[in-house]
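# Observations on the three-dimensional arrangement
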2 protein chains.
Amino acid sequence: MDPIARTPDPPYYVTIFTSLRTSGDHGYDEMAAAMETLSAQQPGFLGMESAREGVGLTLCYWRDLESIRLWRQHVDHAEARRLGRERWYSEYRVRIARVEREYGG
Amino acid sequence: MDPIARTPDPPYYVTIFTSLRTSGDHGYDEMAAAMETLSAQQPGFLGMESAREGVGLTLCYWRDLESIRLWRQHVDHAEARRLGRERWYSEYRVRIARVEREYGG
């Protein structure tokens, strides 16, 4: 995956997942890789950017709110979120935002 | 700074800065620390989250678009952006988005 997502002209949406991990793996790496692959196959997926350095930041770009809603309802994603709350994250925030401008160099 | 920003109830705005660095420091660390301190002093600043792991992600949360516009016009920030384009970043994207929902655990 390209480290900088190739997104279309705005508007589109982004889900911002900010997290602090618990210690140990407990199946995290395997599930994170599976979710990255699966999310990229969903309708309306536009790209992903992520980095962890103390805090973890995962940004997923989506065509519209309906695409985000459908991915949220995916049964494997629901199970991953349940395990995340139970095992992997000591704290997290999810923010959903509408991208209005984009530029770069 | 708290690694997970303590933002108010939406709506508010976020600037998402995604970047790939050139090799070497060339004054980057000093300028990055100065910009982190200075941005947090600006009117409408709500918080910041950042991580670099291959790609760098810096999220700044703002009360409104006017706050983002004023920070963009700050002379020291304009100079930092100029040096960034010239020396520090091989590639970058800036996205401005309106946060509509937030939840966590």
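For the structure itself, look to the data block above.
Notes on the structure in this doc start here. Note that residues are indexed from 1 along each chain, following the sequence as it is written. Here every chain gets a letter starting at A, and every ligand a number starting at 1, in the order they are written. Given that the model is predicted, a residue must reach a pLDDT of at least 70 before its local features are reported, and side-chain atom pairs must reach 80 or more before they are shown or counted; all residues, however, enter totals for whole chains, interfaces and linings. Side-chain measures here rest on the full set of heavy atoms in the structure, leaving out hydrogens and waters.

### Section: the overall build of chain A
To keep it simple, the criterion reads: Secondary structure follows DSSP: runs of H or I at least 4 residues long count as helices, runs of E at least 2 residues long count as strands, and numbering of each begins at the N terminus. The globule rule used for comparison is 2.2 Å times the number of residues to the exponent 0.38, while the radius of gyration itself is calculated over C-alpha atoms.
Each helix and strand counted, chain A has three helices and four strands in total. Along chain A, helices and strands appear, N-terminal first, in the series β-α-β-β-α-α-β. Whereas a compact globule of 105 residues would reach a radius of gyration of roughly 13 Å, chain A reaches 14 Å, a difference of no more than 12%. Expressed along its principal axes, the backbone C-alpha trace of chain A runs to roughly 40 × 30 × 25 Å.

### What to know about the interface of chain B and chain A
Note the threshold: What makes two residues a contact is simply this: any of their non-hydrogen atoms within 4.5 Å. Note on definitions: buried area is the accessible-area loss of two parts on being combined, 1.4 Å probe, summed for both. Put simply, a salt bridge is a Lys or Arg side-chain nitrogen that is within 4 Å of an Asp or Glu carboxyl oxygen. Side-chain atoms alone can form a polar contact between residues adjacent in sequence; in general such a contact is a pair of N or O atoms within 3.5 Å, and within protein one must be able to donate a hydrogen while the other accepts it. Note on residue classes: Ala, Val, Leu, Ile, Met, Phe, Trp, Tyr, Cys and Pro are nonpolar, Asp, Glu, Lys and Arg are charged, and everything else, Gly too, is polar.
Counting residues at the interface gives 38 residues for chain B, matched by 38 residues for chain A. Carbon and sulfur atoms make up 55% of the surface buried where chain B meets chain A, a total of about 3700 Å² over both sides. Run the count over chain B and chain A and you get eight salt bridges. Here Glu91(A) ties to Arg6(B) by a salt bridge, and the two come within 2.8 Å at their closest N and O atoms. Counting the contacts that link chain B with chain A gives 30 residue pairs in polar contact (both at pLDDT 80 or more). When contributions to the side of chain B that touches chain A are tallied by element, the ones reaching two or more residues are β1 (12–21), β2 (45–53), β3 (55–62), α2 (65–73) and β4 (89–104) of chain B. Considering each element in turn, the side of chain B that touches chain A owes the most residues, 14 residues, to β4(B). By residue class, the composition of the side of chain B that touches chain A is 20 nonpolar, six polar and 12 charged.

### So, the pairing of strand β3 (residues 55–62) of chain A
The two faces of the sheet receive side chains in turn, since in a regular strand these alternate between them. All names here are of chain A. Let me state the cut-off plainly: Buried residues are those whose accessible area, probed at 1.4 Å on protein chains only, stays under 20% of the maximum for their type, while exposed residues exceed 50% and partly exposed ones sit between those limits. Each pair of strands is called paired provided DSSP finds at least two bridges between the two strands.
In terms of burial, β3 is a largely internal element, seven of the eight residues being buried. Alignment of strand β1 (residues 12–21) against β3, held across seven bridges, turns out to be antiparallel. Its bridge partner being in β3, Thr-15 is matched across the sheet by Cys-60. The pairing of strand β2 (residues 45–53) with β3 spans eight bridges and is antiparallel. Across the sheet, Phe-45 pairs through a bridge with Trp-62, a residue of β3. If you look at the hairpin formed by β2 and β3, you'll find one residue sitting between the two strands, and Gly-54 has a positive phi there, around 80 degrees.

### Focus on the environment of Arg21(B)
Residues and elements named next belong to chain B. Among the secondary structure elements, Arg-21 is positioned in strand β1. When its relative accessible area of 22% is taken as the criterion, Arg-21 is described as partly exposed. For Arg-21 and Tyr-89, which are 68 residues apart along the polypeptide, the C-alpha to C-alpha distance reads 4.4 Å. Engagement of the side chain of Arg-21 in a polar contact is seen with the backbone oxygen of Gly-24, the distance being 2.7 Å. Separated by 3.1 Å, the side chain of Arg-21 and the backbone oxygen of Trp-88 make a polar contact.

### Brief notes about the sheet that holds β1(B)
The following threshold applies: A fitted line through C-alpha atoms serves as each axis, taken over the contacting stretch for helices, and the angle formed by two N-to-C directions is quoted from 0 to 180°.
Here we have eight strands laid out as an open sheet, ordered β2(A)-β3(A)-β1(A)-β4(A)-β4(B)-β1(B)-β3(B)-β2(B), and antiparallel in their pairing. Only two strands of the sheet have a single partner each, and these edge strands are β2 of chain A together with β2 of chain B. The sheet shows a mean angle of 25 degrees between the axes of neighbouring strands, direction not considered. Together, β1 and β4 (89–104) of chain A form the strand contacts of helix α3 (residues 75–88) of chain A, whose direction differs from that of β4(A) by roughly 130 degrees. Strands β1, β2, β3 and β4 of chain B of the sheet are contacted by helix α1 (residues 28–40) of chain B, whose axis makes an angle of about 155 degrees with β2(B).

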